[in-house]
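A look at the structure
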Amino acid sequence: MVNKKDIKILSQILDIDEVKVISHSIYNEIGIILRTEPIKLYGVCPSCGTESHKLHQNHRHIIKDLPFGEKQIFLEINRRQFKCKICKKPFSEEFNFAQKKRTYTQRLANKIIQEVLENDIQSVASKGIVTTEEIERMLKDASEQINLTKPTNLKRLGIDEIALIKGKGNYCAVLIDLDTSKPIAILSARTQGVIEETLTSWGVEVLEQIKEVSIDLWQGYKNVVIELIPNAQVVADRFHVMVQVNKELDTQRKQEKRQIEEIIKLVTTSDEKSKNEKILEALKNSKYALLKNELNLNDEQKNKLIQLKAVCPTLKVMHELKEKLRTIFNKTKHWYPAVFKLGMWLSKAKTYFPKSNNTFIRWFDEIIAYFDNGTTSGTVEGINNKIKLIKRSAYGFKNFENFRVRCLLAWHFNC
Ligand SMILES: [Zn+2]
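The structure displayed is predicted, hence computed values, not measured ones.

The pairing of strand S13 (residues 212–215) with strand S14 (residues 233–236) spans four bridges and is classified as parallel. Looking at the pairing, Val-213 lines up with Val-234 of S14. In this region the chain leaves S13, passes through helix H7 (residues 219–228) and returns to the parallel neighbour S14; the handedness of that crossover is right-handed.

Where helix H13 (residues 335–352) contacts helix H14 (residues 354–362), the axes come no closer than 7 Å and their chain directions differ by 140°. Relative to H14, the element H13 lies oblique. Here Leu-346, Ala-349 and Lys-350 of H13 come into contact with H14, specifically with Pro-354, Ser-356, Asn-357 and Phe-360. Class assignment of the residues belonging to the contact of H13 with H14 gives a composition of four nonpolar, two polar and one charged.

Before going further, it helps to spend a moment on the nonpolar core. Ile-112, Ile-113, Ile-135, Leu-139, Val-213 and Leu-308 are the most contacted members of the largest nonpolar core, which has 69 residues in total. The element contributing the most residues to this core is helix H2 (residues 106–118), with five residues. Counting only domains with at least three residues in this core, you end up with domain 2 (104–237 + 378–415) and domain 3 (238–373). Not counting residues up to four positions away in its chain, the partners in contact with Ile-112 are Val-124, Val-130, Ile-135 and Met-138. Val-19, Ile-73, Leu-75 and Ala-98 belong to the second-largest nonpolar core, a separate cluster that totals nine residues.

The subject of this paragraph is unusual backbone geometry. Not every positive phi belongs to a glycine, and Asn-153 is a case in point at roughly 60°. Positionally, Asn-153 belongs in the loop between helix H4 (132–148) and strand S10 (156–165). Of note, the phi angle at Ser-181 is positive, near 55°, even though the residue is not glycine. Inspection of the secondary structure puts Ser-181 in the loop between strand S11 (170–177) and strand S12 (182–187).

Glancing now at the domain arrangement of the chain. Entries for the chain in the domain assignment read domain 1 (1–103), domain 2 (104–237 + 378–415) and domain 3 (238–373). The C-alpha-based centres of domain 2 and domain 3 are spaced at 35 Å. Taken together, the contact between domain 2 and domain 3 spans nine residues of the former and twelve residues of the latter. Looking at the side of domain 2 that touches domain 3, the element that brings in the most residues is S14, giving four residues. Class assignment of the residues belonging to the side of domain 2 that touches domain 3 gives a composition of four nonpolar, two polar and three charged.

Next up on the list: the sheet that holds strand S5 (residues 55–57). Read across the sheet, three strands follow the order S5-S8-S9 without closing on themselves; strand pairing throughout is antiparallel. This sheet does not close on itself; its edge strands, each paired only once, are S5 and strand S9 (90–92). Adjacent strand axes in the sheet meet at a mean angle of 40°, parallel and antiparallel pairs treated alike. Looking at chain direction, S5 and strand S8 (residues 81–83) are connected through two bridges and run antiparallel. In the strand pairing of S8, Leu-55 is matched with Phe-82.

The next point concerns the sheet that holds strand S1 (residues 19–27). The strands that make up a sheet are held in pairs by hydrogen bonds between backbone atoms, and each pair lies either parallel or antiparallel. With mixed pairing, the four strands of this open sheet are ordered in space as S1-S2-S7-S6. In this open sheet, the two strands that pair with only one neighbour each are S1 and strand S6 (60–68). The average angle at which neighbouring strand axes cross in this sheet is 25°, direction not considered. Judged from the four bridges that link them, strand S2 (residues 31–38) and strand S7 (residues 71–78) form a sheet pairing that is parallel. Paired with Arg-35 across the two strands is Glu-76, which belongs to S7. Here helix H1 (residues 4–14) sits on the sheet and contacts S1 and S2; the angle it forms with S1, its principal contact strand, is near 95°.

Looking now at the pairing of S7. Bridging between S6 and S7 involves seven bridges; their strand directions are antiparallel. When the sheet's bridge partners are listed, Asp-65 is paired in S7 with Ile-73.

So, on to the environment of Asn-285. In this structure, Asn-285 sits in the loop between helix H9 (270–283) and helix H10 (287–291). Considering only alpha carbons, one finds Asn-285 and Gln-301, 16 residues apart in sequence, at a separation of 9.6 Å.

We now examine helix H11 (residues 299–311). For H11, built from 13 residues, the straight-helix expectation of 18 Å at 1.5 Å per residue is met to within 8% by its first-to-last C-alpha distance of 19 Å. Within the sequence span of H11, burial applies to Lys-304, Leu-305 and Leu-308. Around the axis of H11, the buried residues are gathered within 100° of arc, so they sit on the same side. Exposed side chains of H11 directed beyond 90 degrees from the buried face belong to Asp-299, Lys-302, Asn-303, Ile-306 and Ala-310. On its buried side, H11 packs onto H9, H10 and helix H12 (313–331).

Structurally, Met-318 is set in helix H12. In contact with Met-318, other than residues within four places in its own chain, are Leu-249, Gln-252, Tyr-352 and Phe-353.

With that out of the way, let us pick up the environment of Ala-338. Positionally, Ala-338 belongs in helix H13. Given 20 C-beta atoms within 10 Å, Ala-338 falls into the buried group. As a C-alpha pair, Ala-338 and Asp-372 span 34 residues in sequence and 9.8 Å in three-dimensional space. In contact with Ala-338, not counting residues within four places along its chain, are Ile-328, Thr-332, Ile-368 and Phe-371.

Criteria and cut-off values
Residues numbered from 1 in each chain as written. Predicted model: local features only at pLDDT ≥ 70, side-chain atom pairs only at ≥ 80, totals over all residues. Pairing = 2+ DSSP bridges. Helix = DSSP H or I, 4+ residues; strand = E, 2+ residues; numbered from the N terminus. Right-handed = clockwise from strand over helix to strand, strands pointing away. Axes fitted to C-alpha atoms, helices over the stretch in contact; angles between N-to-C directions. Parallel < 35°, antiparallel > 145°, perpendicular 65-115°, else oblique. Contact = placed C-beta atoms within 7 Å. Nonpolar A, V, L, I, M, F, W, Y, C, P; charged D, E, K, R; others polar. Core = buried A, V, L, I, M, F, W, Y, C linked by C-beta atoms within 7 Å. Buried ≥ 20, exposed ≤ 12 C-beta atoms within 10 Å, placed from the backbone. Domains from an automatic or database assignment. Expected span 1.5 Å × (residues − 1). Arc of directions from axis to C-beta.

Structure (structure tokens):
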């Protein structure tokens, strides 16, 4: 048995204001067990809020706490049952430091979640403090806390998607608050039905507040917004618009390269052969020089671009149109001049970008809407990169649900 002074010190070190230490034992192989008792002399009935001093029974059990140095710490706690004189029923008391039916303290759970977010479940579990099952339970509890809160004050929503398994067509949708740049939901699929279900669960009040929704150029998303978010303007995300233009440019590049390769096989004179080989040389490895934002090219890529433009007149025009479009997005601050500039762009692009031209005409209102507030899911890029990292380190997450929880916790878990 320890003396009173030691008990006081142990309680101070433990630093949980709801309990005091009454004794301790040290076991070499196991760790330290601290026997505790609640400090309060009464319980508060969860049904009626009445304080009760009438002890019904003691209920002692052992839970894990934060380790002390190399030693594992166990707390023997007494979660007493009291009998409420109003309800005439027994109830067991609540503690802030430890939830009911959990085998660990809340502060241990918080620390473990933080570690899992920085590493992965397996490596945290391998330290032997908590089991994989306990970690999954901790993540689930924490994510339920997040799920309880509907998005508040959501004005600008972004809908985007990320590939779960590359090349497998397996995508999940990510809903983002564009003002806080935080994901608010990670959905198991990007289908209209799944998105509708989530949005509907937020309730009309939340949906009516939303003023703008940024989407890629997919009709399915547009339908959802029109149906469920009555006051929102749909904005076609400018980066997805650029993606479309870049795709068409790249298709042309590949096609010209193939054609030249065929021609080289057929030509007979050495003059023609060397002329075509020069073109092929310019086309080789030209993808990034052509597609990247011109301002971001390094010297080698700049030279590549000059070389390419000198021998491929169509790609030259297309590249200039692509850069022109980016400038329009960057420099135009009002929808009115944007209508004219984009109109001019389209009239030139019609022959060079027939696919993009058609898409632009179908989405003209939504593309122009960008110029009202500059709303874009561009911030999503950062979110996507972080999610990709989580995905890569998600080894040990048994299923999508764990992955989803981990993503949400990465942005919303504060302890
Ligand atoms: Zn009661």
